[in-house]
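Architecture at a glance
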Amino acid sequence: MEQNQQQWTTVIKPRTGWFDIDFKELWQYRDLVTMFVKRSFTTMYKQTILGPAWILINPLITTVIFTVVFGGIAGLAEEGVPSFLFYMAGNAIWSFFSACISGTANTFVSNAGLFGKVYFPRLTMPVSQVLISLVNLGIQMLMFFIFWVWFYFFGQEYGTVQMNLWVLALPVVLLLVTILGLGVGIIVSSLTTKYRDLAIVVGFGVQLWMYATPVVYSMNELTANSPRLATLIRLNPMTEPVLVFRYALLGCGQISPGWLIYSAVFSLVMLAIGVVLFSRVEKTFMDTV
């Protein structure tokens, strides 16, 4: 008797490589990523009075506080541009980055029950969190452009604003920030499986990171007053993306393509480390939860 030859549609086999993430499989589960995005978005604003309006209220309040405290009292904003737009631009890109980290930092711990019931690529969880942050950024940028148009036509007394060709590089800058946020986030999520108190430190650490980034102060002033400190701040991989973001939209500050390349390389390295750790923890995590 001849044995029937069977062709399997799915083959499950052990993973042995250090960099063992099946990106093709991740793409096949893109519908699941979309479902996670919708679920998280609905859960986040369920039973709230203002609902998704908080996407605009939070950055607006933060920008007003930054403008009054750091721009009005301390005088740390960039000269020649409206302080409100200066802080709104920096806060928008930073909020996106911090949301990428905080959203992915508890991937394994928060979803342990779900991971133990059904198989799907675990990387879909952090990717969905990044997409949620990207949607929030898009909504916030719509509000930013409304204020930008007003200051451009009616707010010349507060400073001048002008876009330039660096606007075309903003998608690349956003991709860079996404890679860095995702990389740092999945590194933290991998380490929290062994060190649970690390999740508590994340929020505080992100706040400290913000003050090491020119979000609330001018890089030009820092360079003029303390060149060594300015060089140290440049080593922060988020510094150049923030500067490019402001320069492209407002025409203020100075940017360096060399430091931008450094940020890109640093971000790719962090993502590679994160993917390696994530794949290692994915194999052993379910045996310990």
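In this report, we go over the structure that sits alongside the text. (Residues numbered from 1 in each chain as written. Predicted model: local features only at pLDDT ≥ 70, side-chain atom pairs only at ≥ 80, totals over all residues. Heavy atoms only, no water.)

**Details of the overall build of the chain**
From N to C terminus, the chain includes 13 helices and zero strands. Reading the chain from its N end, one meets helices and strands in the order α-α-α-α-α-α-α-α-α-α-α-α-α. Burial statistics for the chain: of 289 residues in total, 43% are counted as buried. Taking all contacts inside the chain whose residues are at least 6 apart in sequence as the whole, residues at least 24 apart take part in 79%. (Helix = DSSP H or I, 4+ residues; strand = E, 2+ residues; numbered from the N terminus. Buried < 20%, exposed > 50% of the residue type's maximum accessible area, 1.4 Å probe, protein only. Contact = heavy atoms within 4.5 Å.)

**Quick look at the pattern of salt bridges**
When the charged atoms of two side chains lie near each other, side chains of opposite charge can form a pair. Under the definition given, this model contains one salt bridge. One salt bridge connects Glu-240 with Arg-234, and the closest N-O pair in it is separated by 2.4 Å. (Salt bridge = Lys/Arg side-chain N within 4 Å of Asp/Glu carboxyl O.)

**Some details on the nonpolar core**
Among soluble globular proteins, nonpolar side chains are generally buried collectively. Counting residues in hydrophobic clusters, the biggest one holds 64 residues, and the most contacted among them are Phe-144, Val-216 and Leu-250. Looking at this core element by element, the count peaks at 13 residues for helix 4 (residues 83-104). Beyond its immediate chain neighbours, meaning those up to four positions away, Val-216 contacts Phe-66, Phe-70, Leu-76, Tyr-87, Met-210, Tyr-211 and Arg-246. (Core = buried A, V, L, I, M, F, W, Y, C linked by side-chain atoms within 4.5 Å.)

**Thoughts on the packing of helix 4 against helix 8 (residues 170-191)**
In contact at an axis separation of 7 Å, helix 4 and helix 8 are set at 30° when each is read in the N-to-C sense. If you check the angle between helix 4 and helix 8, you find them roughly parallel. Crossing geometry of helix 4 relative to helix 8 is assigned as right-handed. Here helix 4 contributes Ile-93, Phe-96, Phe-97, Cys-100, Ile-101 and Thr-104 to the contact with helix 8, which in turn contributes Leu-174, Val-177, Thr-178, Leu-180, Gly-181, Leu-182, Val-184, Gly-185, Ile-186 and Ser-189. (Axes fitted to C-alpha atoms, helices over the stretch in contact; angles between N-to-C directions. Parallel < 35°, antiparallel > 145°, perpendicular 65-115°, else oblique. Left-handed = near helix turned anticlockwise from the far one by under 90°.)

**Some thoughts on the side chain of Glu-240**
With respect to the element layout, Glu-240 can be found in helix 12 (residues 239-250). Within the structure, Glu-240 has its side chain in polar contact with the backbone nitrogen of Ser-256 (distance 2.7 Å). Apart from the residues within four sequence positions on either side, Glu-240 is in contact with Arg-234, Ile-255, Ser-256, Trp-259, Leu-260 and Ser-263. (Polar contact = N/O pair within 3.5 Å; in protein donor to acceptor, adjacent residues only side chain to side chain.)

**Considering the packing of aromatic side chains**
One pass over the full model with this rule turns up 17 aromatic pairs. Ring centres of Trp-94 and Phe-97 lie 5.2 Å apart, and the angle between their planes is 55°; on these two criteria the pair is classed as tilted. Here Phe-97 and Trp-94 lie together in helix 4, a separation of three residues that amounts to about one turn. Note on Trp-94: relative accessible area 5%, which makes it buried. With a centroid separation of 6.4 Å and 45° between ring planes, the pair formed by Trp-150 and Phe-154 is classed as tilted. Here Trp-150 and its partner Phe-154 are both found in helix 7 (residues 124-154), four residues apart, which amounts to about one turn of the helix. Under the relative-accessibility criterion, Trp-150 is labelled partly exposed at 39%. (Phe/Tyr/Trp six-rings, centres within 6.5 Å; stacked < 30°, edge-to-face > 60°.)

**Some points on the environment of Trp-209**
Topologically, Trp-209 is positioned in helix 9 (residues 198-211). Distance from Trp-209 to Asn-236, taken between C-alpha atoms, is 8.6 Å for residues 27 residues apart in sequence. Not counting chain neighbours up to four residues away, the residues in contact with Trp-209 comprise Trp-94, Phe-97, Ile-101, Val-184, Asn-236, Pro-237 and Met-238.

**A closer look at the packing of helix 7 against helix 12**
Where helix 7 meets helix 12, the axes come as close as 12 Å, and the angle between the chain directions of the two elements is 40°. In this view, helix 7 runs oblique relative to helix 12, as classed from their interaxial angle. Together, Met-141, Phe-144, Phe-145 and Trp-148 of helix 7 and Phe-245, Leu-249 and Leu-250 of helix 12 make up the contact between the two elements. Its residues assigned to classes, the contact of helix 7 with helix 12 comprises seven nonpolar, no polar and no charged. (Nonpolar A, V, L, I, M, F, W, Y, C, P; charged D, E, K, R; others polar.)

**Thoughts on helix 12**
With twelve residues, helix 12 ought to run about 16 Å at 1.5 Å a step, and its terminal C-alpha atoms sit 16 Å apart, in line with that. Remark: Gly-251 follows helix 12 within two positions and exhibits a positive phi of approximately 75°. (Expected span 1.5 Å × (residues − 1).)

**Remarks on the environment of Ala-248**
Examined against the element boundaries, Ala-248 turns out to sit in helix 12. By relative accessible area, Ala-248 is classed as buried at 0%. Between the C-alpha atoms of Ala-248 and Asn-164, which are 84 residues apart in sequence, the distance is 5.6 Å. Setting aside residues no more than four positions away along its own chain, Ala-248 makes contact with Gln-162, Met-163, Asn-164, Trp-166, Val-167 and Leu-170.

**Remarks on helix 8**
Between its first and last C-alpha atoms helix 8 spans 31 Å; for 22 residues at 1.5 Å apiece the expected length is 32 Å, and the two agree. Buried residues dominate helix 8, accounting for 17 of its 22 residues.

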